[in-house]
Amino acid sequence: MTQDFSRRGFLAASAAMISTSAVAQTANSTEIESDISAGVQRNISSFRSLDWEPYFNNLNNGAILVDLQSRALHFWSEDQTVYKLFPTSVPLTDDLTRTGRTSITRKVEGPSWAPTPSMKIRNPEWPDFIGPGPENPLGTHALHLSWQYYRIHGTHDTRKIGRRSSNGCIGLYNEQIAELYNLTKVGTQVLLI
């Protein structure tokens, strides 16, 4: 029995040491993760519902708010019965980003694409024109804004959503741009912040 007790005591003591060590390691790794997380900006706020009133005076023709920081697009219908929140891609850099008030001036299903003059300078190897289809960077639908060259559009490259990945436009999943396309009209007000 003494030998049995010694073996049990040894096992119990070993288990306690391992448990204490694991707790200490977990605490240390939590501290390290906390330190790392402090410097990393997450997209948690992307999926936070917002009210339209701080951003618009009215909902005439509906309203779209694009929050570049959280990479989210909010839509409110004119009669306030529809509110939608979509994840987006946003411009790669601040110099490609435009903010302020604009509106939808044209809606296109199956858009064609041509690089802007500045895109062509940065990427001379890009083609001059791409028609509708899976190679088109505008995806299945495009909402033209009053600012030349700026669009809210779909993308076939779903890896871009939730990232800084565009040359100035706002990108959505194709299914979601199709939904937004059906909800909006020419004249829908847009605010990019």
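Residues numbered from 1 in each chain as written. Predicted model: local features only at pLDDT ≥ 70, side-chain atom pairs only at ≥ 80, totals over all residues. Heavy atoms only, no water.

(A) Examining the nonpolar core more closely. Ranked by size, the top nonpolar core spans 20 residues in total, and within it I64, L73, I152, I170, L172 and L180 carry the most contacts. For this core, the secondary structure elements donating two or more residues are β1 (63-67), β2 (72-76), β6 (141-145), β9 (170-173), α3 (174-183) and β10 (189-192). Here this core takes three residues from α3, the largest share from any one element. Other than its neighbours up to four places away in sequence, I152 contacts I64, L73, H141, A142, L143, L145, I170, L172, I177, L180 and V190. Among the nonpolar cores identified, the runner-up in size contains eight residues, and L50, F56, L65 and W76 belong to it. (Core = buried A, V, L, I, M, F, W, Y, C linked by side-chain atoms within 4.5 Å. Buried < 20%, exposed > 50% of the residue type's maximum accessible area, 1.4 Å probe, protein only. Helix = DSSP H or I, 4+ residues; strand = E, 2+ residues; numbered from the N terminus. Contact = heavy atoms within 4.5 Å.)

(B) Seen up close, the sheet that holds β9. Read across the open sheet, the eight strands follow the order β3-β2-β1-β10-β5-β6-β7-β9; overall the sheet is mixed. At either margin of the open sheet sits one strand with a lone partner, and together these are β3 (83-87) and β9. Shown here is a sheet whose adjacent strand axes are inclined to one another by a mean of 25 degrees, direction ignored. With four bridges connecting them, strand β5 (residues 100-109) and β10 associate as antiparallel partners. Looking at β10, one finds that S103 is bridged to Q189. Packed on one face of the sheet, α3 meets β1, β2, β3, β5, β6, β7 (151-155) and β9 and runs near 105 degrees to β9. (Pairing = 2+ DSSP bridges. Axes fitted to C-alpha atoms, helices over the stretch in contact; angles between N-to-C directions.)

(C) Spatial organisation of the pattern of salt bridges. Counted according to the given criterion, the structure contains five salt bridges. We note a salt bridge from K185 to E78, for which the minimum N-O separation is 3.5 Å. Separated by 107 residues along the polypeptide, K185 in the loop between α3 and β10 and E78 in the loop between β2 and β3 bring together distant segments of the chain. Notably, a salt bridge pairs R164 with D94, separated by 3.1 Å at the nearest N-O pair. On the criterion of sequence distance, the pair formed by R164 in strand β8 (residues 164-166) and D94 in the loop between β4 (90-91) and β5 is long-range, its members being 70 residues apart. (Salt bridge = Lys/Arg side-chain N within 4 Å of Asp/Glu carboxyl O.)

(D) Up close: the side chain of S77. Within the element layout of this structure, S77 appears in the loop between β2 and β3. A distance of 2.8 Å separates polar atoms of two side chains, one belonging to S77 and the other to D79. (Polar contact = N/O pair within 3.5 Å; in protein donor to acceptor, adjacent residues only side chain to side chain.)

(E) Spotlight on α3. Those residues of α3 that sit buried are N174, Q176, I177, L180 and Y181. All buried residues of α3 fall inside an arc of 160 degrees around its axis, so they share one side. Of the exposed residues in α3, the ones pointing more than 90 degrees away from its buried face are E175 and N182. (Arc of directions from axis to C-beta.)

(F) Spotlight on unusual backbone geometry. Phi at R71 is positive, roughly 60 degrees, even though this residue is not glycine. Structurally, the position occupied by R71 is in the loop between β1 and β2. Here R71 falls in the partly exposed class, since its relative accessible area comes to 21%. The backbone of Y149 shows a phi angle near 75 degrees, a positive value even though the residue is not glycine. Mapped onto the elements, Y149 comes out in the loop between β6 and β7.

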